[in-house]
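Close look at the chain arrangement
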Amino acid sequence: MTHDAHRVIFVRRGGNMRRVMTVTALIAAAGLMTACGGGSGDGDEKERAGGSTAASSSEASSEGEDKTYEVTLEVGGEGKSSVYYTLGTNSTEQVTLPWKKTDEMTLNSTQRKVGIIVSVVPGPVKLSNGQLGTAPCSITVDGKKVVEDQGGTEGKHLCEYTIH
């Protein structure tokens, strides 16, 4: 309504200005609710659409439920050494070799889509030839060996695997 239309309502009804302002406020509120989807017709349709979306989301989540993996990290060799590993959290331990750590990791659907890295980095050990080198390592997931490194003196020796 224009300013002149407000005056016409006020003059014709002979009422007070408060009534005109209330009517104007109600009309404006109704317009805002309609524009924002607050009208009962639009809202009901959106709720129904949301309901069907929620149903399809629950179907998707039943397909993407949490999955638990049994992960085993191993470091071979003899003697004492440090071992740095990532198995849910990062840790460093001074260990007696051979060393083995098994844990369960539960990944949700998003983590499985992106992948979670597990790794083990063996510290130095005395090799059979008397030199210092890296101890051998391996990673086993659900009973299947997925990574193995023989260790040695050349290159970077570590075992790393991404669980999906």
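That block above? That's the structure.
Cut-offs and rules
- Residues numbered from 1 in each chain as written.
- Predicted model: local features only at pLDDT ≥ 70, side-chain atom pairs only at ≥ 80, totals over all residues.
- Heavy atoms only, no water.
- Disulfide = S-S within 2.5 Å.
- Helix = DSSP H or I, 4+ residues; strand = E, 2+ residues; numbered from the N terminus.
- Core = buried A, V, L, I, M, F, W, Y, C linked by side-chain atoms within 4.5 Å.
- Buried < 20%, exposed > 50% of the residue type's maximum accessible area, 1.4 Å probe, protein only.
- Contact = heavy atoms within 4.5 Å.

With that out of the way, let us pick up the state of the cysteines. Applying the stated criterion across every chain yields a total of 1 disulfide. Between the sulfur atoms of Cys137 and its disulfide mate Cys159 the distance is 2.1 Å. Taking the sign of the torsion about the S-S bond as the criterion, the disulfide between Cys137 and Cys159, at about 95°, is right-handed. Remark: Cys159 occurs in strand E8 (residues 159-163) and Cys137 occurs in strand E6 (residues 137-141); sequence separation between them is 22 residues.

Ranked by internal contacts, the top residues of the largest apolar core, which has 22 residues, are Val71, Leu73, Val75, Trp99, Val120 and Ile139. At the level of secondary structure, the elements contributing two or more residues to this core comprise strand E1 (67-86), strand E2 (90-107), strand E3 (116-122), E6 and E8. The element that contributes the greatest number of residues to this core is E1, accounting for 6 residues. Sequence-distant contacts of Val120, that is, excluding residues within four places in its chain, are made with Leu73, Glu74, Val75, Val83, Tyr84, Tyr85, Trp99, Cys137, Ser138, Ile139, Leu158 and Cys159.

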